[in-house]
Amino acid sequence: FTGRAETGGVETTSHGSLMRPWRRSRGGGYGFLFSAPVPVKITSVRCLLLSCPYATPGDLERELCFADGHRTISVIKIETDEGVYGLGETYTGVFAPEAVQALVQQFEIELLGKDPADVTGLRNLLRLACYYWGRFGMSASVMGGIEMALWDLRGKTLNVPVHQLLGGKVHD
């Protein structure tokens, strides 16, 4: 790489991976802290379970689906070694939050140390990792939540809305 990127000091590889930002050296120029560019890496993939009271006692949906009176959601948080994180959510967490948490822990094994900028590549990696035990249903839903978190992370890192990364705004 030669020169500093025009996008706020963030350099990317030919396939779009983010590199660590340039830092001003003592001599006033810019340069990497390392001899070669090092991609940002995923350091943590966690499932946060959040719950709150849902509806009023006697409500039919509450009685049939949420017997304890609480509705839970599963938020997937992916963190990097740069301190940036992305959030995703899966609707499956409303009905089986502990199962979602276990699947996120299983998928974390595949994601740790990987470059979060390669969203499509990581999605394919997860799909192949669960090919024999979970191509549909809950595992697909959790993979969707992880992909959502990766896109959120990418948008935060590039400082652009995710809809621009996915092709642009569709509705006003």
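Definitions and limits used
- Residue positions are given per chain, counted from 1 along the sequence in the order it is written.
- For a predicted model such as this one, the threshold for reporting local features is a pLDDT of at least 70, and the threshold for listing and counting side-chain atom pairs is 80 or more; totals across whole chains, interfaces and linings nevertheless cover every residue.
- Computation of side-chain values covers all heavy atoms of the structure but excludes hydrogens and water.
- As used here, the term nonpolar core means buried Ala, Val, Leu, Ile, Met, Phe, Trp, Tyr and Cys residues forming a set that is joined through side-chain atoms within 4.5 Å.
- Relative accessibility thresholds used throughout: buried, under 20% of the residue-type maximum; exposed, over 50%; partly exposed, between the two (1.4 Å probe, protein chains only).
- Comment: elements are numbered from the N terminus, with helices defined as DSSP H or I runs of at least four residues and strands as E runs of at least two.
- Whether two residues are in contact is decided by their heavy atoms, any of which lying within 4.5 Å being enough.
- Here is the rule: rings of Phe, Tyr and Trp (six-membered ring for Trp) pair when centre to centre is within 6.5 Å. Planes less than 30 degrees apart are stacked, more than 60 are edge-to-face, and the remainder are tilted.
- In our convention, an over-ring charge means Lys NZ or Arg CZ found within 6 Å of a ring centre and within 35 degrees of that ring's normal.

Asks: Before we go on, may I ask you to explain the nonpolar core in this structure?
Replies: One finds Ile-78, Phe-107, Val-142 and Ile-146 to be the most contacted residues of the largest nonpolar core, which totals 21 residues. Listing elements by their share of this core, those giving two or more residues are β3 (42-53), β4 (70-80), α2 (97-111), α3 (119-129) and α4 (138-158). It is α4 that contributes the most residues to this core, seven residues altogether. Residue contacts for Ile-146: discarding those within four places in its chain leaves Ile-76, Ile-78, Phe-107, Leu-111 and Leu-126.

Asks: Honestly, the packing of aromatic side chains in this entry has me stumped. Any pointers?
Replies: The relation between two aromatic rings is expressed through the spacing of the ring centres and the mutual angle of the planes. Counted by the stated rule, this structure contains five aromatic pairs. With a centroid separation of 5.6 Å and 75 degrees between ring planes, the pair formed by Tyr-91 and Phe-95 is classed as edge-to-face. Judged by its relative accessible area of 48%, Tyr-91 falls in the partly exposed class. Taken together, a centroid distance of 5.3 Å and an interplanar angle of 85 degrees make the contact between Tyr-131 and Tyr-132 edge-to-face. One aromatic cluster is present, built from ring pairs that chain together Tyr-54, Phe-66, Tyr-91 and Phe-95. Taking NZ or CZ as reference, Lys-77 lies 4.5 Å from the ring centre of Tyr-85, over its face.

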